[in-house]
Amino acid sequence: MPRHPKKPRRLVADGRAYLWTLRHSHRVLDGGRAADCREILTLYPQPAGTGGPLRIVFAEGPGRYVPGGFPLGSGDVGYVRGGSLNLHEPGAVRALLDAASARGWQPGDRRAAEVGGWPLLEAAAAARG
């Protein structure tokens, strides 16, 4: 039976558990075209209450792609000429978590944190090989 796409997934990294979700958001322009697409990866330290969520946001912009599906897959983000990740892959999520931790994010901080994903992407893509 396939996994429900909106159900949080579990990741264990360095002895700590996280639940994570991936969402796509955008505005709809007159005529039905999407604009301001964003992929939002949210990691929730577990057990609940032991740390605030980490939101890693990939917003579309020049030289970047953040598709909402066809012709590229849902969850794909990347630079037109550079690294890319599929945010549905647990290994990509782990690589982004490691990159955020290397830049100072602490899972025990009880406040929610939101960081731009683009500064983390190259390090995470390189770690994935």
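> For this particular structure, what's the right way to read the overall build of the protein chain?
The secondary structure content of the protein chain amounts to two helices and eight strands. What you see in the protein chain, going N to C, is helices and strands ordered as β-β-β-β-β-β-β-α-β-α. Across the 129 residues in the protein chain, those meeting the buried criterion constitute 37%. Pairs at least 24 apart in sequence give 52% of the contacts found in the protein chain among residues at least 6 apart. Roughly 7500 Å² of accessible area belongs to the protein chain as shown, and the carbon and sulfur atoms make up 53% of that amount.

> Mind showing me how you'd approach the pattern of salt bridges here?
When charged atoms on two side chains of opposite charge get close, those side chains can pair. Counting across every chain of the model gives four salt bridges. When the shortest N-O distance is used, the salt bridge between Asp-98 and Arg-94 registers 3.0 Å. Residue Asp-98 and its partner Arg-94 are located together in helix H1 (residues 90–102), separated by four residues, close to a single helical turn. Take Asp-98: its relative accessible area is 33%, and that puts it in the partly exposed class. For Arg-94, a relative accessible area of 25% gives the class partly exposed. Within the structure, one salt-bridge network assembled from shared partners comprises Asp-14, Arg-94 and Asp-98.

> Explanation requested: the environment of Asp-14 in the structure shown.
Structurally, Asp-14 can be placed in the loop between strand S1 (9–13) and strand S2 (16–28). On the basis of relative accessible area, Asp-14 is assigned to the exposed category, the value being 68%. Between the C-alpha atom of Asp-14 and that of Asp-98, which follows or precedes it by 84 residues, the distance is 9.7 Å. Ignoring sequence-local partners within four residues, the contact set of Asp-14 consists of Arg-94 and Asp-98. Within the structure, Asp-14 has its side chain in polar contact with the side chain of Arg-94 (distance 3.3 Å).

Definitions and cut-offs
Residue positions are given per chain, counted from 1 along the sequence in the order it is written. The predicted nature of this model means local features are confined to residues of pLDDT at least 70 and side-chain atom pairs, given and counted, to a pLDDT of 80 or more, with totals for whole chains, interfaces and linings taken over all residues. Excluding hydrogens and water, the side-chain values take into account all heavy atoms of the structure. Elements are defined by DSSP. Helices are runs of H or I of four residues or more, strands are runs of E of two residues or more, and each kind is numbered from the N terminus. Relative accessibility thresholds used throughout: buried, under 20% of the residue-type maximum; exposed, over 50%; partly exposed, between the two (1.4 Å probe, protein chains only). Only heavy atoms matter for contacts: two residues are in contact if any of them lie within 4.5 Å across the pair. Only the protein chains shown count as covering a residue, and every accessible area follows the Shrake-Rupley method with a 1.4 Å probe. Each reported salt bridge corresponds to a side-chain nitrogen of Lys or Arg within 4 Å of a carboxyl oxygen of Asp or Glu. As used in this structure description, the phrase polar contact means that two N or O atoms lie within 3.5 Å; if the pair is within protein, one of them must be able to donate a hydrogen and the other to accept it, and residues adjacent in sequence are counted only when both atoms belong to side chains.

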